[in-house]
Amino acid sequence: MFFKIRKELLELVEADYKEFSASLIPGVERFLGIRLPKLRELAKRIQKEDKELYLSQYWEEVGKQQEGLYFEEDMICGMLTASGRMPLEERKEAISRFLPRIQNWSVCDSCCVTCKFMKKNQDFWYDFLKEQLASGEEFMIRFALVNLLDHFVNEEYVGQVLVACENMKHPGYYAKMAAAWAVSVCFAKFPGQTKEFLKENTMDDWVQNKSIQKIRESYRASKEDKEKILEYKR
């Protein structure tokens, strides 16, 4: 099944899109150039046909460590791992196995947006994400922060999301950008609480200023708030 899907992927390649997208995702060597909606369609179909078979064959290919898999195959694996019904511990094990395959922002963020199951059993998944935040690995940290901004910016967890951003000290660009993005999402939903946070925190100056920039670029912040938060630039 894995190679049947690979054949379909090769037929979906768009040369112009490949050139454009590859410029946005540095470090990816085996990039085909297939639009995200097409990949989601394929993942949904695999989910219905035989997700388990596809994933088992995917991991067999990973284990061979020959020329490597395509970026799009990692994308599909991330989508499949995060979708469908699964017992909590089994899901946690599957996600943990996939995490080392995340080596760029695109695979990370596409997987995270699919992790809608984290809206349930939030204590369980928050503890799991805390492990990734403490990992010291840039894309594991980004995985945690993007899941927090996607699924945990609510009354119960917004304070903890902000604390996670404050405690994030990794120097990597993609981890820092995720922290700034998370702060901006918190501001959109809880402006008062986030404004107080921006007044005084121990975030990296770059993250603080990037958070303010992203808030000011957002249509969800009022003109008054956009002017007010300029006071907190460093």
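Before reading on, note that the structure itself is shown above.
For every chain, the first residue of the written sequence is number 1, and numbering continues from 1 onward in sequence order. A pLDDT threshold of at least 70 governs which residues receive local features in this predicted model, and a stricter bar of 80 or more applies before side-chain atom pairs are shown or counted, although totals over entire chains, interfaces and linings include all residues. As a convention, hydrogens and water are excluded, and side-chain values are obtained from all of the structure's heavy atoms.

### Regarding the pattern of salt bridges
Salt bridge, as used here, is a side-chain nitrogen of Lys or Arg placed within 4 Å of a carboxyl oxygen of Asp or Glu. Applying the stated criterion across every chain yields a total of 14 salt bridges. Arg216 serves as the salt-bridge partner of Glu227, at 3.8 Å between the closest nitrogen and oxygen. Remark: Arg216 occurs in helix H12 (residues 205-217) and Glu227 occurs in helix H13 (residues 223-228); sequence separation between them is eleven residues. A simple rule labels every residue: compare its accessible area, found with a 1.4 Å probe on the protein chains alone, to the largest value its type can have, and call it buried under 20%, exposed over 50%, or partly exposed in between. Classification of Glu227 as partly exposed rests on a relative accessible area of 46%. Its relative accessible area of 32% is what places Arg216 among the partly exposed residues. One continuous salt-bridge network, built from bridges that share partners, spans Lys4, Glu8, Arg45 and Glu49. Only DSSP runs of H or I reaching four residues or more are called helices, and only runs of E reaching two or more are called strands; each is numbered from the N terminus.

### With respect to the packing of aromatic side chains
A pair of Phe, Tyr and Trp rings is counted when the ring centres sit within 6.5 Å of each other, with Trp represented by its six-membered ring. The angle between the planes then sorts it: under 30 degrees is stacked, over 60 is edge-to-face, the rest tilted. Within this structure, the stated rule accounts for 14 aromatic pairs. When the ring of Tyr126 is compared with that of Tyr157, the centres are 5.3 Å apart and the planes differ by 45°; the resulting orientation is tilted. Placement of Tyr126 in helix H7 (residues 122-133) and of Tyr157 in the loop between helix H8 (138-151) and helix H9 (158-167) is noted, with a sequence separation of 31 residues between them. Classification of Tyr126 as buried rests on a relative accessible area of 10%. The class for Tyr157 is buried, based on a relative accessible area of 2%. The positively charged end of Arg30 is found above the aromatic ring belonging to Tyr70, 4.1 Å away from the centroid. Criterion for a charge above a ring: Arg CZ or Lys NZ at most 6 Å from the ring centre, at most 35 degrees from the ring normal. The residue whose ring lies beneath Arg91 is Phe117, and the NZ or CZ to ring-centre distance is 4.2 Å.

### Observations concerning a negative patch on the surface
In this scheme, patches are assembled from residues that exceed 30% relative accessible area and form no salt bridge. Like charges are connected within 9 Å, while nonpolar side chains (Val, Leu, Ile, Met, Phe, Trp, Tyr) are connected within 5 Å. For accessible areas, the Shrake-Rupley method is used with a probe of radius 1.4 Å. Any residue's cover is judged against the shown protein chains and nothing else. Positive charge is attributed to Lys and Arg, negative charge to Asp and Glu, and no charge count is given to His or to the chain ends. The atoms used to mark charge sites are NZ of Lys, CZ of Arg, CG of Asp and CD of Glu. A cluster of acidic residues, Asp50, Glu52, Glu89, Glu90 and Glu93, forms a negative patch on the protein surface. Elements with a contribution of two residues or more to the negative patch: helix H3 (36-64) and helix H5 (88-98). Among the elements that line the negative patch, the one with the most residues is H5, at three residues. Along the chain, the position of Glu89 falls in helix H5.

### Describing the packing of H9 against helix H10 (residues 173-189)
Under this scheme, a helix contributes an axis fitted over its contacting stretch, all axes are lines through C-alpha atoms, and angles between N-to-C directions fall in the 0 to 180 degree range. With their axes 9 Å apart at the nearest point, H9 and H10 run at an angle of 155° to one another. In terms of axis orientation, H9 runs roughly antiparallel to H10. Relative to H10, the crossing made by H9 is left-handed. Two secondary-structure elements touch here, H9 through Val158, Val161, Leu162 and Cys165 and H10 through Ala179, Ala182, Val183 and Cys186. Residue composition of the contact of H9 with H10, by class: eight nonpolar, no polar and no charged. Oblique is the label for any angle not covered by the other classes, which are roughly parallel (under 35 degrees), roughly antiparallel (over 145) and roughly perpendicular (65 to 115). Here is the rule for handedness: rotate from the far helix to the near one, and if that takes an anticlockwise turn smaller than a right angle the crossing is left-handed, while a clockwise turn gives right-handed. Any two residues whose heavy atoms approach within 4.5 Å at even a single point are treated as in contact. Residue classes follow a fixed rule: Ala, Val, Leu, Ile, Met, Phe, Trp, Tyr, Cys and Pro count as nonpolar, while Asp, Glu, Lys and Arg count as charged, and any other residue, Gly among them, counts as polar.

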